[in-house]
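Take a look at the letters that make up each chain.
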Amino acid sequence: MLVLPALFDEANKLRRLTAEVMQRLDGAGIDSVLPDLPGCNESRQPLQAQSLDHWRQCAKAAAEHFAATHVLTLRGGVLTAPPEMLGWNYAPVAGRQVLRAMLRARTIAAREAGREETIEALQQTGRSEGVELAGWTLGPDLFAQLENTAPQPDSAQIEIDQGAIGGSGLWLRAESDESPEQADALALSITAGLTSA
Amino acid sequence: MTELAPSRSDIDTKLRAILRDVLGLDAERVERFDDSTGLFGHLPELDSMAVAGLLTEMEDRLDIIIEDDDVDGEMLETYGGLLAFAEAKVVEN
């Protein structure tokens, strides 16, 4: 199983859940691997030079390298998944929504600091030269692709929405949190799906 | 007036649920929030990224659009301010 993490701040919020699901899959005899996307975590590549297309190619290369038969994406990770791979999308989200929260965080922080910034102006900067949002420096390619990429309805992956897991999404939490119950439920929907397939 | 009352309390219930999810608090604690309960600037975990998530979640669950200009310190400072803002937005729609 190739695990494609949530993007940016949501990856931090879901870090514990991601690891816990992988442990449960391991317990069920399913090997999984969680690569760092180029420009993220321990990758030495500059984030500024990345694009969704490139991340998708890298995800595909990782799937081939590790001989992954299935993919599990979390939140915005869906945007980096090779659409033809079988698997699951946990609480998938469009790139536009990922950006919206980050753009908003920046305007709120600016206002607190006594600077006036608008989302629209930041969007224009993002498209033309890239922009730093909530500590992530997004290049123009990644910014523009995020604006225009949504989960593909015709992909080979099955959506698992938060309602099926129970509780509220951990990506919403102001402080990173964990939920063994949610990890159980998510791992179970995957193992049940694998055995019935 | 009797028709307005349930919708106000509906917004109140939804807003408390969103805060519960964002702040990771139990229902009981969020139930005790009153108009003067401090939010942004009072709760250290509620930083700009968390506020951004809160506003985006309000848009989704209350079916409203929050513009740049709507967001100011006053509406975010207390629970009462945020609730009044949400109510005004829902009526506007």
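One numbering rule holds for all chains: residues counted from 1, following each sequence as written. Working convention: letters from A go to chains and numbers from 1 go to ligands, in the order in which they are written. Under the rules for a predicted model, residues below a pLDDT of 70 receive no local features and side-chain atom pairs below 80 are neither given nor counted, while totals for whole chains, interfaces and linings still include all residues. To get the side-chain values, all heavy atoms of the structure are used, and hydrogens and water are removed first.

### Side note on the interface of chain A and chain B
The partner chain B presents 23 residues to the 21 residues of chain A that form the contact. Accessible area that two parts lose when put together, evaluated with a 1.4 Å probe and summed over both, is termed the buried area. For the chain A and chain B pair, buried surface summed over both sides reaches about 1800 Å², with 59% attributable to carbon and sulfur atoms. A per-residue breakdown of the area chain A buries against chain B is headed by R104, I108 and L172 of chain A, which together make up 33% of the total. In the sections that follow, a salt bridge refers to a side-chain nitrogen of Lys or Arg positioned within 4 Å of a carboxyl oxygen of Asp or Glu. Remark: the boundary between chain A and chain B carries 2 salt bridges. We call two residues contacting when some pair of their heavy atoms lies within 4.5 Å.

### Description of the sheet that holds strand β3 (residues 86-90) of chain A
Residues and elements named next belong to chain A. Criterion used throughout: strands pair if DSSP finds at least two bridges between them. Helix numbers and strand numbers start at the N terminus; a helix is a DSSP run of H or I with at least 4 residues, a strand a run of E with at least 2. Taken together, the 4 strands give an open sheet; going across it, the order is β1-β2-β3-β6, and neighbouring strands pair in parallel fashion. The sheet terminates laterally at β1 (2-4) and β6 (157-160), the two strands that pair on one side only. On average, each strand axis in the sheet is tilted by 20° relative to the strand beside it, whichever way the strands run. Pairing of strand β2 (residues 70-74) with β3, which is carried by 5 bridges, proceeds in the parallel orientation. Each residue of the ladder has a partner; that of L72, found in β3, is W88. Across the face of the sheet, helix α2 (residues 15-27) comes into contact with β1, β2 and β3 while running at roughly 155° to β2. Axis lines are fitted to C-alpha atoms, over the contacting stretch for helices. Their N-to-C directions set the angle, which ranges from 0 to 180 degrees.

### Regarding the packing of helix α5 (residues 119-128) of chain A against helix α6 (residues 140-148) of chain A
Residue and element names in this part refer to chain A. At their nearest, the axes of α5 and α6 sit 6 Å apart, and the two run at 120° to each other. Regarding the angle of α5 to α6, the classification is oblique. In contact with L122, Q123, G126, R127 and S128 of α5, α6 contributes P140, F143 and E147. A per-class count over the contact of α5 with α6 returns 3 nonpolar, 3 polar and 2 charged. By the definition adopted for this analysis, an angle is roughly parallel if under 35 degrees, roughly antiparallel if over 145, roughly perpendicular if from 65 to 115, and oblique otherwise. Throughout, the ten residues Ala, Val, Leu, Ile, Met, Phe, Trp, Tyr, Cys and Pro are labelled nonpolar, Asp, Glu, Lys and Arg are labelled charged, and all others, Gly among them, are labelled polar.

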